[in-house]
Protein chains: 4
Amino acid sequence: MKIHDFKSVIDKYKVIFFDAYGVLKNYNGLIPGVEKTFQYLKDTNKEFYILTNDASRKPQQLADSYHQLGIPDIVVTNIISSGMLAMDYLRQKVKKGKVVFLGTEDSAYYIETLGLEAVPISELDLGHLSDIQALAFLDDEGFDWKTDLNKTINLLRRKNIPVIVANTDATYPVSKKEIAIAMGGLSAMIESIVGKQFVGFGKPDSQMFIFAYDHIKNAAIEKKDILMVGDTLHTDILGGNKFGLDTVLVLSGNTQAEDAEVKIQSSGIIPTYICESATVE
Amino acid sequence: MKIHDFKSVIDKYKVIFFDAYGVLKNYNGLIPGVEKTFQYLKDTNKEFYILTNDASRKPQQLADSYHQLGIPDIVVTNIISSGMLAMDYLRQKVKKGKVVFLGTEDSAYYIETLGLEAVPISELDLGHLSDIQALAFLDDEGFDWKTDLNKTINLLRRKNIPVIVANTDATYPVSKKEIAIAMGGLSAMIESIVGKQFVGFGKPDSQMFIFAYDHIKNAAIEKKDILMVGDTLHTDILGGNKFGLDTVLVLSGNTQAEDAEVKIQSSGIIPTYICESATVE
Amino acid sequence: MKIHDFKSVIDKYKVIFFDAYGVLKNYNGLIPGVEKTFQYLKDTNKEFYILTNDASRKPQQLADSYHQLGIPDIVVTNIISSGMLAMDYLRQKVKKGKVVFLGTEDSAYYIETLGLEAVPISELDLGHLSDIQALAFLDDEGFDWKTDLNKTINLLRRKNIPVIVANTDATYPVSKKEIAIAMGGLSAMIESIVGKQFVGFGKPDSQMFIFAYDHIKNAAIEKKDILMVGDTLHTDILGGNKFGLDTVLVLSGNTQAEDAEVKIQSSGIIPTYICESATVE
Amino acid sequence: MKIHDFKSVIDKYKVIFFDAYGVLKNYNGLIPGVEKTFQYLKDTNKEFYILTNDASRKPQQLADSYHQLGIPDIVVTNIISSGMLAMDYLRQKVKKGKVVFLGTEDSAYYIETLGLEAVPISELDLGHLSDIQALAFLDDEGFDWKTDLNKTINLLRRKNIPVIVANTDATYPVSKKEIAIAMGGLSAMIESIVGKQFVGFGKPDSQMFIFAYDHIKNAAIEKKDILMVGDTLHTDILGGNKFGLDTVLVLSGNTQAEDAEVKIQSSGIIPTYICESATVE
């Protein structure tokens, strides 16, 4: 397994797409040295975007979290969250009325910004569904799992509405050794129980990459000029590969150096490069 | 679709296996007339067993519930619960130590009866797992879904122990129009997330039928003498068919008269007979 | 269920995306009246694209088939085939060497056009795999299923290469009543057996829609100006909805008038409009 | 990972269940030393059964194959094949008429023995289905995959009949390095395409173990007296564990010494013992 120097790799590309967790930050905060990467991107005038499966917070809050970690150069226009994709979908498909959601008050931003009324699942009256236009799974926090997941099932049995999953990840890390169930895990259970097809957003789906691609300011950029950097084979690398980008697997997160070769072999998902981390020295 | 007379059907068999919910009782209590069926079974000297996907209560409690509904002839020896199968498995595979469980105090009966120590998931210390021998999903009540399902995942990531699912049903009915997520639904989500294979118990698995078959007192009984009566194609009828029994689909529960033909056609699960209900007038 | 007039619907949009089979043609040839639709599109100066899950023939052959059916206005630049997406992927990810394929000689076009060497699976020597760079599932014709699917499995066990599925449909219609297994069906079996993740192309994946979107000549077009017309909920309508387009379900193919409401209800995939067919009288 | 001595292990049990391929024989013939195991079983008066996922040959042919390999003590009454289970199912559920099958002439034995008419799929006339009572997947040999699998799908779309899969294994080994797709693989593809539920037979299903258990001559035998010996975690060991038997994983077949610990860890299927092979020196 050949390990490449990250700086030499990014020198070949004009635009860099980064995954967030496991690449730029982890449970401890910033991955040491990553701040220099963003300085280098600025110095070399490369565009970058952060593609994150997240609908728990507004894009501005996501950007702010990098400022607090010491990277002022990541601003809201650099952020591509799966929540933004879900919002885009709602904008096209739901023109007015109420959207029921599972998630925190913060996550309701993705509905309210559109001028739609966001109804927390806990406040929904199953007897009055006439103006309910859609259901959105936004965040695993902000509701009672037992009461409200059962309520969700009965809502979907009574009314045929589109269901949006704003983050298809099954789990997320909460500490070095522990993970928690994310919206993608809960929504897959509900989808299987009600037997309907939900509309999910997040890597590895191409939708995420095209959304970022459409945001690139430099009109001359082609896919071969873009590099996707991620720590997870099944989301970042598969999605990048499928969209036709070159990809770097970094070993600072989900995929450890000792497992990388076996995981690549067994999954059949092959990154273009492997680097220790997304740091330039 | 030919509807058969239930009495004429059972007259051809010596032993009757019944599903419980949707066949003998529903959210309203006893299905009207079922008490006469049990009188008729007594008069005609037929053996019967109730095969129920349930690990929430002790077999004695399950039997008692029928007494309260007015059928004194259903006693504990007539009850075959999936919890009893799970208990049988634990008896063979776990000789001593602690078994962590998700469920109510009542459900812990299936562990404690064996002389094993039942540890509620909420009381488990993830830092001290050395004497934990197995994990059992018993009932959807009795724990906090968010906290304790996340804890369950982290337990299974840290320690490789057998996992028993004492009821593989994904949902259960709570009223005429509403259902709730059952242990089978929750455990399937966890199984998919941790990527391990759990050992599940309940119809349609053959294990349930062989357990009932082994309890039959009359040694001369063969499979052709036994009739399985159920309201659900995917559990009762599939399981009965596969075990080699003749089967009756009754229309008093999960499968309504107006959908029965379409459901049989689309699932490919074909009952031997269809009857309005398990009543003998 | 409200049935809309197709002409009134398309009048609201500037660009129309059509599915091919079940919308424009079927086992009998052209769906009667569809030729007038294309005359109307020409008269009203609307752009159109045909999005087809097909990698069995070159785009030019696909266009020619419409000429023979009497629609000269469909030319190669109107065709978006899943084979073209697969080719685009290979162009990005495989720069040189050999690509093994399952399919006809015609389907090998998608590999050879790139300057890569296309090796039919039947001619592959499992003992000499060093220059094999990828595997492509192109067409269900052109190879011996038993011999060559088994050979495919053993190739993938020996060498870790990217696998491309150039049409993810599980089946295709061959007559009014009969269907046949397509590449998506066969490749899903192989994927499950070898436990690797293949890269598939075709509706409902967003990739297909973005590829068409990128081809639109009129730079001022936004998603709200585009209508997707299809006969299949799980590919055409789900894909169009997810990409943020308005959608028409036509009842001339896979979804019959008598089942449409039940299928929409049970799948949860909701078209913007329902029309009898893609004809303008 | 502790390796146990096979002889010491079997000394604790009265009845031994063996898997065939990878335990008793492989692509080279008998696994060296296994003949002494059967001498030892005879000397110590232990009962044994061979539980094999196989419906390609009659039980007598399966027994004969061991005689040819030099173990005369394995006779037809020691053989429990998944084909026998499928036959038992057909006996209960199909009293007369025709059963269509995919497989060799040899495999048709499992239908013809019952006095039913076995119709090879290639000879079926899709226009005359009135006396077709069931479909059986018996063996991957004996039919043309492309023609006859497509015909199978169209049969199942036209007529709602029970479908029996007489061997649920997805693959089988053909040489040291190569495997081939088995009936379980093909039937799972068809099941997914037609959306119906087939009735499958074979380990790890309990049905296989209860069938063997019912054959034990010594009436005093309990589950704790029986040992299951296998080389595959997902069939032999999972099935044995679930039925409540103690299990031995041998390292002479599917599971190599170097992977055993990782496979046990990652699957969560835990054998009671691990032994090098099923040999007693």
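For chain A, an unreviewed UniProt entry supplies the name HAD-IIA family hydrolase and the organism Emticicia agri.

### A word on the side chain of Asp148 of chain A
Locating Asp148 of chain A in the fold gives a position in helix H6 (residues 145-158). For the buried Asp148 of chain A, which has no salt bridge, the nearest side chain bearing the opposite charge is Lys151 of chain A, at an N-O separation of 5.0 Å.

### Description of the pairing of strand E1 (residues 15-18) of chain A
Residues and elements named next belong to chain A. Side chains Val15 and Phe17 of E1 all project onto a buried face; the interleaved residues Ile16 and Phe18 project onto the opposite face, where all are buried too. Across four bridges, E1 lies against strand E4 (residues 47-52) in parallel orientation. By the bridge assignment for E4, Phe17 is matched with Tyr49.

### Regarding the relation of the copies chain B and chain D
For the pair chain B and chain D, the best superposition has an RMSD of 0.0 Å and corresponds to a rotation of 180° with a translation of 0.0 Å parallel to the axis. Taken together, the rotation and translation describe the operation of a two-fold axis. Within chain B, Ser206 of chain B has its C-alpha nearest the rotation axis, a separation of 3.0 Å. Most of the interface of chain B is mirrored in chain D: 100% of its interface residues are interface residues there too.

### Describing the sheet that holds strand E6 (residues 98-102) of chain A
By way of backbone hydrogen bonds, the strands of a sheet pair with one another, either parallel or antiparallel. Residues and elements named next belong to chain A. Taken in spatial order, the five strands line up as E7-E6-E8-E9-E12 in an open sheet, and their pairing is parallel. Across the chains shown, the open sheet's two edge strands, defined by having one partner strand only, are strand E7 (117-120) and strand E12 (199-200). As paired strands, E6 and E7 are joined by four bridges and run parallel to one another. Pairing of Lys98 across the sheet is with Glu117, part of E7. Seen against the sheet, helix H4 (residues 82-93) touches E6, strand E8 (132-137), strand E9 (163-165) and E12 and runs at an angle of roughly 160° to E9.

### A word on helix H7 (residues 183-194) of chain A
Residues and elements named next belong to chain A. Over its twelve residues, H7 extends 16 Å from the first C-alpha to the last, a length consistent with the 16 Å expected when each residue adds 1.5 Å. Along H7, the residues that are buried comprise Met183, Gly184, Gly185, Leu186, Ser187, Met189, Ile190 and Val194. Immediately beyond the C-terminal end of H7, within one or two residues, lies Gly195, with a positive phi of roughly 70°.

### Quick look at the domain arrangement of chain A
All names here are of chain A. By the assigned domains, chain A splits into domain 1 (7-53 + 203-247 + 260-269) and domain 2 (83-200). Taken over C-alpha atoms, the centre of domain 1 sits 28 Å from the centre of domain 2. Summed over both sides, the interface between domain 1 and domain 2 buries roughly 810 Å², with carbon and sulfur atoms accounting for 65% of that surface. Of all residues in domain 1, Tyr27, Asn53 and Phe211 give up the largest surface area on contact with domain 2, accounting jointly for 64% of the area buried on that side. Linking domain 1 with domain 2 are zero salt bridges, by the criterion used here. Seen at the junction of domain 1 and domain 2, the total is two residue pairs in polar contact (both at pLDDT 80 or more). The element contributing the most residues to the side of domain 1 that touches domain 2 is helix H8 (residues 206-215), with three residues.

### A word on the packing of helix H6 (residues 145-158) of chain D against helix H7 (residues 183-194) of chain D
All names here are of chain D. For the pair H6 and H7, the least separation of the axes is 10 Å and the interaxial angle reads 40°. When the axes of H6 and H7 are compared, the pair comes out oblique. Here H6 and H7 pass one another in a crossing that is right-handed. For the pair formed by H6 and H7, the contact residues are Trp145, Leu149, Thr152, Ile153 and Leu156 on the first element and Leu186, Met189, Ile190, Ile193 and Val194 on the second. Considered class by class, the residues forming the contact of H6 with H7 number nine nonpolar, one polar and no charged.

### Thoughts on the interface of chain B and chain D
On the chain D side, the residues contacting the 36 residues of chain B number 36 residues. Interface area, chain B with chain D, both sides summed: about 2,900 Å², of which 43% is carbon and sulfur. The interface formed by chain B and chain D includes four salt bridges. Across the salt bridge formed by Lys242 of chain D and Asp205 of chain B, the nearest N and O atoms sit 3.0 Å from each other. Where chain B touches chain D, the interface holds 22 residue pairs in polar contact (both at pLDDT 80 or more). Broken down by secondary-structure element, the contributors of at least two residues to the side of chain B that touches chain D are helix H4 (82-93), strand E12 (199-200), helix H8 (206-215), helix H9 (233-243), strand E14 (246-250) and helix H10 (257-267) of chain B. Element by element, the count of residues in the side of chain B that touches chain D is highest for H9 of chain B, at five residues. Its residues assigned to classes, the side of chain B that touches chain D comprises twelve nonpolar, 16 polar and eight charged.

Conventions adopted
Residues numbered from 1 in each chain as written. Chains lettered and ligands numbered in written order. Predicted model: local features only at pLDDT ≥ 70, side-chain atom pairs only at ≥ 80, totals over all residues. Heavy atoms only, no water. Helix = DSSP H or I, 4+ residues; strand = E, 2+ residues; numbered from the N terminus. Buried < 20%, exposed > 50% of the residue type's maximum accessible area, 1.4 Å probe, protein only. Lys, Arg positive; Asp, Glu negative; His and termini not counted. Salt bridge = Lys/Arg side-chain N within 4 Å of Asp/Glu carboxyl O. Pairing = 2+ DSSP bridges. Least-squares fit on C-alpha atoms with pLDDT ≥ 70 in both. Contact = heavy atoms within 4.5 Å. Axes fitted to C-alpha atoms, helices over the stretch in contact; angles between N-to-C directions. Expected span 1.5 Å × (residues − 1). Domains from an automatic or database assignment. Buried area = accessible area lost by both parts, 1.4 Å probe. Polar contact = N/O pair within 3.5 Å; in protein donor to acceptor, adjacent residues only side chain to side chain. Parallel < 35°, antiparallel > 145°, perpendicular 65-115°, else oblique. Left-handed = near helix turned anticlockwise from the far one by under 90°. Nonpolar A, V, L, I, M, F, W, Y, C, P; charged D, E, K, R; others polar.

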